[in-house]
Amino acid sequence: MLIIQALVTWMENPGRFLAILMLIFQLTTSAGTFPLELIPNWMKAFNPILPMTYSVKGFKAVISTGDMAMAWENIGWLAVFGVVFLVFTLVYFLRHERSTERSPEANLSVQSH
């Protein structure tokens, strides 16, 4: 959700489109629906850079072997994704706030209310 929020915040409708593409790539490259060996080689490069990979790995570790260490490692990766994209969103709003503070039109509209 934080990735989608960052994409939509920064790019609006193109960000929504990229979010849908990301979802499609996650479904095919996370090795959750079918084995990673069955997808084309060029798509395998997306596996480590998409967060659903770590969700699937964590679930598989807990369900099949009860390996909580592997689950926590994958939760850590998911947290890294979350923090990075939360920072991207925060940067957008900080930049946007500064630009509206410097804009004389923005000051007039605030004073009139």
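Residues numbered from 1 in each chain as written. Predicted model: local features only at pLDDT ≥ 70, side-chain atom pairs only at ≥ 80, totals over all residues. Heavy atoms only, no water.

Novice: Any chance you could break down the overall build of the chain for me, citing the residues and the numbers?
Specialist: From N to C terminus, the chain includes six helices and zero strands. In the chain, the order of α-helices and β-strands from amino to carboxyl end is α-α-α-α-α-α. A globule of 113 residues ought to have a C-alpha radius of gyration of about 13 Å, yet the chain, at 19 Å, is considerably larger. If you line up the chain on its principal axes, its C-alpha atoms span 65 × 30 × 20 Å. A separation threshold of at least 6 residues defines the contact pool for the chain, and within that pool the share at least 24 residues apart is 46%. Element-wise, carbon and sulfur atoms account for 71% of the exposed surface of the chain, whose accessible area totals about 8100 Å². (Helix = DSSP H or I, 4+ residues; strand = E, 2+ residues; numbered from the N terminus. Rg over C-alpha atoms; globule rule 2.2 N^0.38 Å. Contact = heavy atoms within 4.5 Å. Areas by Shrake-Rupley, 256 points an atom, 1.4 Å probe, with all protein chains shown as cover.)

Novice: Account for the environment of Val 62, naming residues and giving values.
Specialist: Along the chain, the position of Val 62 falls in helix H4 (residues 52-65). Note: C-alpha distance between Val 62 and Trp 72 (ten residues apart in sequence) is 9.9 Å.

Novice: Quick one: what's the story with helix H1 (residues 2-11), residue by residue and with numbers?
Specialist: Within H1, burial applies to Ile 3, Ala 6, Leu 7 and Thr 9. Looking straight down H1, one finds that the buried residues subtend no more than 170° of arc, so they occupy a single side. Looking at the buried positions of H1, the neighbouring elements they touch are helix H2 (13-29) and helix H5 (68-102). Where H1 ends, the next residue or the one after it, Glu 12, has phi of about 55°, a positive value. (Buried < 20%, exposed > 50% of the residue type's maximum accessible area, 1.4 Å probe, protein only. Arc of directions from axis to C-beta.)

Novice: Explain the nonpolar core to me, and be specific about the residues and the numbers.
Specialist: One finds Ile 3, Ala 6, Leu 7, Ala 19, Met 22, Leu 50, Tyr 54, Phe 81 and Phe 85 forming the largest nonpolar core, which totals nine residues. Here the element with the most residues in this core is H1; it accounts for three residues. Setting aside residues no more than four positions away along its own chain, Ala 19 makes contact with Ile 4 and Leu 7. (Core = buried A, V, L, I, M, F, W, Y, C linked by side-chain atoms within 4.5 Å.)

Novice: Report on H5, specifying residues and quantitative values.
Specialist: Along its 35 residues, H5 runs 51 Å from first to last C-alpha, staying within 8% of the 51 Å computed at 1.5 Å per residue. Looking at H5, one finds that the buried residues are Ala 71, Asn 74, Phe 81, Gly 82, Phe 85 and Thr 89. In this structure, the buried residues of H5 make contact with H1 and H4. A distance of 3.3 Å separates the backbone nitrogen of Ala 69 from a side-chain oxygen at the start of H5, and that oxygen is part of Asp 67. (Expected span 1.5 Å × (residues − 1). Polar contact = N/O pair within 3.5 Å; in protein donor to acceptor, adjacent residues only side chain to side chain.)

Novice: For unusual backbone geometry, give the residues involved together with the corresponding values.
Specialist: Here Glu 12, not a glycine, exhibits a phi torsion of approximately 55°, which is positive. One can find Glu 12 in the loop between H1 and H2. A positive phi is found at Ala 31, a non-glycine position, where the angle reads about 65°. Mapped onto the fold, Ala 31 is located in the loop between H2 and helix H3 (41-44). Note on Ala 31: relative accessible area 18%, which makes it buried.

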